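# Chain and residue survey
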Amino acid sequence: MAARSMGGQLLPLELIDRCVGSKIWIILKGDKEFVGTLRGFDDYVNMVLEDVTEYEINPDGGYRVTKLEQILLNGNNVCMLVPGGEGPVPEQAT
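Presented here is an overview of the structure given in this document. (Residues numbered from 1 in each chain as written. Predicted model: local features only at pLDDT ≥ 70, side-chain atom pairs only at ≥ 80, totals over all residues. Heavy atoms only, no water.)

### Details of the pattern of salt bridges
Keep this limit in mind: Definition used for salt bridges: Asp or Glu carboxyl oxygen within 4 Å of a side-chain nitrogen of Lys or Arg. Segments assigned H or I by DSSP are reported as helices when at least four residues long, segments assigned E as strands when at least two residues long, and all are numbered from the N terminus. Burial classes: relative accessible area under 20% of the type maximum marks a residue as buried, over 50% as exposed, and values in between as partly exposed (1.4 Å probe, protein chains only).
If you walk through the whole model with that rule in mind, you get four salt bridges. A salt bridge links lysine 23 to glutamate 86; the nearest nitrogen and oxygen atoms lie 3.4 Å apart. Of this pair, lysine 23 sits in strand 1 (residues 23-28) while glutamate 86 is found in the segment after strand 5 (78-83), placing the two residues 63 residues apart along the sequence. Taking the relative accessible area as the measure of exposure, lysine 23 reaches 36% and is therefore partly exposed. Residue class for glutamate 86 comes out partly exposed when judged on its relative accessible area of 44%. Between glutamate 54 and lysine 32 there is a salt bridge; the shortest N-O distance is 3.2 Å. Of this pair, glutamate 54 sits in strand 3 (residues 47-57) while lysine 32 sits in strand 2 (residues 32-41), and the two are 22 residues apart along the sequence. On the basis of relative accessible area, glutamate 54 is assigned to the buried category, the value being 9%. You can call lysine 32 partly exposed: its relative accessible area is 30%.

### Describing the pairing of strand 2
The condition that has to hold: When DSSP finds at least two bridges between two strands, those strands are taken to pair.
Buried residues dominate strand 2, accounting for eight of its ten residues. Note: strand 1 against strand 2, five bridges, orientation antiparallel. From the neighbouring strand, isoleucine 24 faces strand 2, where its bridge partner is glycine 36. Counting the residues between successive antiparallel strands, the hairpin from strand 1 to strand 2 contains three residues, one of them, glycine 30, with a positive phi of roughly 100 degrees. Bridging between strand 2 and strand 3 involves eight bridges; their strand directions are antiparallel. When the bridges of strand 3 are listed, leucine 38 appears paired with leucine 49. The turn joining strand 2 and strand 3, which pair antiparallel and follow one another in sequence, is formed by five residues; a positive phi near 60 degrees is taken by valine 45.

Next up, the structure:
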């Protein structure tokens, strides 16, 4: 990737690169969140995720949960990444 650390700092793309193969929680603009295994990404933070759980926020404050095998996520919609995150609700509650 194009990112390099400078003076002991960890740049954003380096952090994402360290997460490849690990679980990551992705919060998008709007009402969707994803938890899955990061398989790859590009300089625009478009990401390929496997074993994905999609959480869509309902108007009543609950979540609609959908399991997906693999997705390509547009990095333009990403608001926040949480390495190792479990998502908005405990896995047992889904």
